[in-house]
Amino acid sequence: AQSVTQPDIHITVSEGASLELRCNYSYGATPYLFWYVQSPGQGLQLLLKYFSGDTLVQGIKGFEAEFKRSQSSFNLRKPSVHWSDAAEYFCAVKFSGFQKLVFGTGTRLLVSP
Amino acid sequence: DAGITQSPRHKVTETGTPVTLRCHQTENHRYMYWYRQDPGHGLRLIHYSYGVKDTDKGEVSDGYSVSRSKTEDFLLTLESATSSQTSVYFCAIMRNPGTGGSANYGYTFGSGTRLTVV
């Protein structure tokens, strides 16, 4: 079955520290991969996406993500977190042969002073 | 954002009443989706459409129906609302690559409808 796993429900990071949010997916062929961010009470904003080519992709707000085929992972990273990065982050996958987006359950990021 | 409008933005309704949510797009995209968002579950697909009068079920379709009589409108109906359908509902469109290639491809979401069933 198609599934997307974000194993961390909550993560707390000190401001200025680095961040890595994990995402793993099931199923076979290389899918299309997305990271979205959602601030409280707001809609979804696309941070970055991966379709093919260079496995390290750059996004908005200083975020990047790396696709690792052998691990079926697409982890999101940021070298230095800002207080404004506190939000919920969703990994989403479009599996090959399907036109729908499957979401992980999300990771809520808290940023401590 | 990106020509997607959801209405209403907020609604409170009573158990057992029918409710219809509307998603309107201005860019003529073929694929449209309805998701619900609940704490601990992320976004889950309710129904989607791949053209006028062409729809299919998602993973949480029980209690919901959809209709698409025009390319620009995708309606979600709760036939008899229950408290378990209290949620935030998001509409989305899929952008095909088109002439801009993969840079244009992706999914764009509406601002959401917060529905409370009392």
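**A closer look at the state of the cysteines**
No. 1: Inspection of every chain in the model, using the stated rule, returns two disulfides over all chains.
No. 2: For C23(A), the disulfide goes to C91(A), at an S-S distance of 1.9 Å. As the torsion about the S-S bond is roughly -65 degrees, the C23(A)-C91(A) disulfide counts as left-handed. Of this pair, C23(A) sits in the loop between β3 (19-21) and β4 (24-25) while C91(A) is found in strand β10 (residues 87-94), placing the two residues 68 residues apart along the sequence.
No. 3: Through a disulfide, C23(B) is tied to C91(B); the S-S separation comes to 1.8 Å. With the S-S dihedral at roughly -70 degrees, the linkage between C23(B) and C91(B) falls on the left-handed side. Of this pair, C23(B) sits in strand β3 (residues 19-25) while C91(B) sits in strand β9 (residues 87-95), and the two are 68 residues apart along the sequence. For the pair C23(B) and C91(B), a shared accessibility class is recorded, and that class is buried.

**Notes on the sheet that holds strand β8 (residues 73-78) of chain B**
All names here are of chain B.
No. 1: Ordered in space as β1-β3-β8-β7, the four strands form an open sheet in which the pairing is antiparallel. Every other strand in the sheet has two partners, leaving β1 (4-7) and β7 (64-70) as the edge strands with one partner each. Neighbour-to-neighbour, the strand axes of the sheet open up by a mean angle of 20 degrees, direction not taken into account.

**Some points on the confidence of the model for chain A**
No. 1: Averaged over all residues, the pLDDT of chain A equals 94, while 100% of them reach at least 70.
No. 2: Per-element confidence in chain A is highest for β3(A), whose mean pLDDT is 98, and lowest for strand β6 (residues 45-50) of chain A, whose mean pLDDT is 95.

**Points about the environment of C23(B)**
No. 1: Judged by its relative accessible area of 0%, C23(B) is buried.
No. 2: Considering only alpha carbons, one finds C23(B) and C91(B), 68 residues apart in sequence, at a separation of 6.2 Å.

**Describing the interface of chain A and chain B**
No. 1: Of the residues lining the interface, 17 residues belong to chain A; the matching set on chain B comes to 18 residues.
No. 2: Here chain A meets chain B over a buried area of about 1500 Å², counting both sides, of which 61% is carbon and sulfur.
No. 3: Seen at the junction of chain A and chain B, the total is six residue pairs in polar contact (both at pLDDT 80 or more).
No. 4: For the side of chain A that touches chain B, the elements supplying multiple residues, two or more each, are β5 (32-38) and β10 of chain A.
No. 5: Classifying every residue of the side of chain A that touches chain B gives eight nonpolar, six polar and three charged.

**Topic: unusual backbone geometry**
Glycine aside, residues mostly have negative phi, and peptide bonds are mostly found in the trans state.
No. 1: Residue P8(B) is reached from S7(B) by a cis peptide bond, and omega for that bond is -5 degrees.
No. 2: Following the sequence through the fold, P8(B) ends up in the loop between β1 and β2 (10-13).
No. 3: Notably, K61(A) is not glycine yet its phi reads approximately 60 degrees, a positive angle.
No. 4: For K61(A), the location among the structural elements is in the loop between β7 (56-58) and β8 (64-68).
No. 5: Of note in the backbone geometry, S72(A) takes a positive phi value of approximately 50 degrees without being a glycine.
No. 6: Turning to its location among the elements, S72(A) is positioned in the loop between β8 and β9 (73-78).

**A word on the confidence of the model for chain B**
No. 1: The pLDDT averaged across chain B works out to 93; a share of 94% of its residues lies at or above 70.
No. 2: Put simply, strand β10 (residues 106-109) of chain B is where chain B has its lowest mean pLDDT, 92, and β8(B) is where it has its highest, 98.

**Examining the packing of aromatic side chains**
No. 1: One pass over the full model with this rule turns up 23 aromatic pairs over all chains.
No. 2: Aromatic pair F34(A) and Y107(B): ring centres 5.7 Å apart, planes at 85 degrees, arrangement edge-to-face. Separated into two different chains, F34(A) in strand β5 and Y107(B) in strand β10 make up a pair that spans both.
No. 3: Between K94(A) and the ring centre of Y32(A), over which it is positioned, the NZ or CZ distance is 5.1 Å.

**Considerations on the nonpolar core**
No. 1: In this structure, L19(A), W35(A), L47(A), L48(A), F74(A), L76(A) and Y89(A) are the most contacted members of the largest nonpolar core, which totals 27 residues.
No. 2: Contributing elements (two or more residues each) for this core: β2 (10-14), β3, β5, β6, β8, β9 and β10 of chain A.
No. 3: Membership of the second largest hydrophobic core comes to 21 residues, among which are F51(A), A92(A), M94(B) and Y105(B).

The rules behind each value
- Residues numbered from 1 in each chain as written.
- Chains lettered and ligands numbered in written order.
- Predicted model: local features only at pLDDT ≥ 70, side-chain atom pairs only at ≥ 80, totals over all residues.
- Heavy atoms only, no water.
- Disulfide = S-S within 2.5 Å.
- Helix = DSSP H or I, 4+ residues; strand = E, 2+ residues; numbered from the N terminus.
- Buried < 20%, exposed > 50% of the residue type's maximum accessible area, 1.4 Å probe, protein only.
- Pairing = 2+ DSSP bridges.
- Axes fitted to C-alpha atoms, helices over the stretch in contact; angles between N-to-C directions.
- pLDDT = per-residue confidence, 0-100.
- Contact = heavy atoms within 4.5 Å.
- Buried area = accessible area lost by both parts, 1.4 Å probe.
- Polar contact = N/O pair within 3.5 Å; in protein donor to acceptor, adjacent residues only side chain to side chain.
- Nonpolar A, V, L, I, M, F, W, Y, C, P; charged D, E, K, R; others polar.
- Phe/Tyr/Trp six-rings, centres within 6.5 Å; stacked < 30°, edge-to-face > 60°.
- Lys NZ or Arg CZ within 6 Å of the ring centre and 35° of its normal.
- Core = buried A, V, L, I, M, F, W, Y, C linked by side-chain atoms within 4.5 Å.

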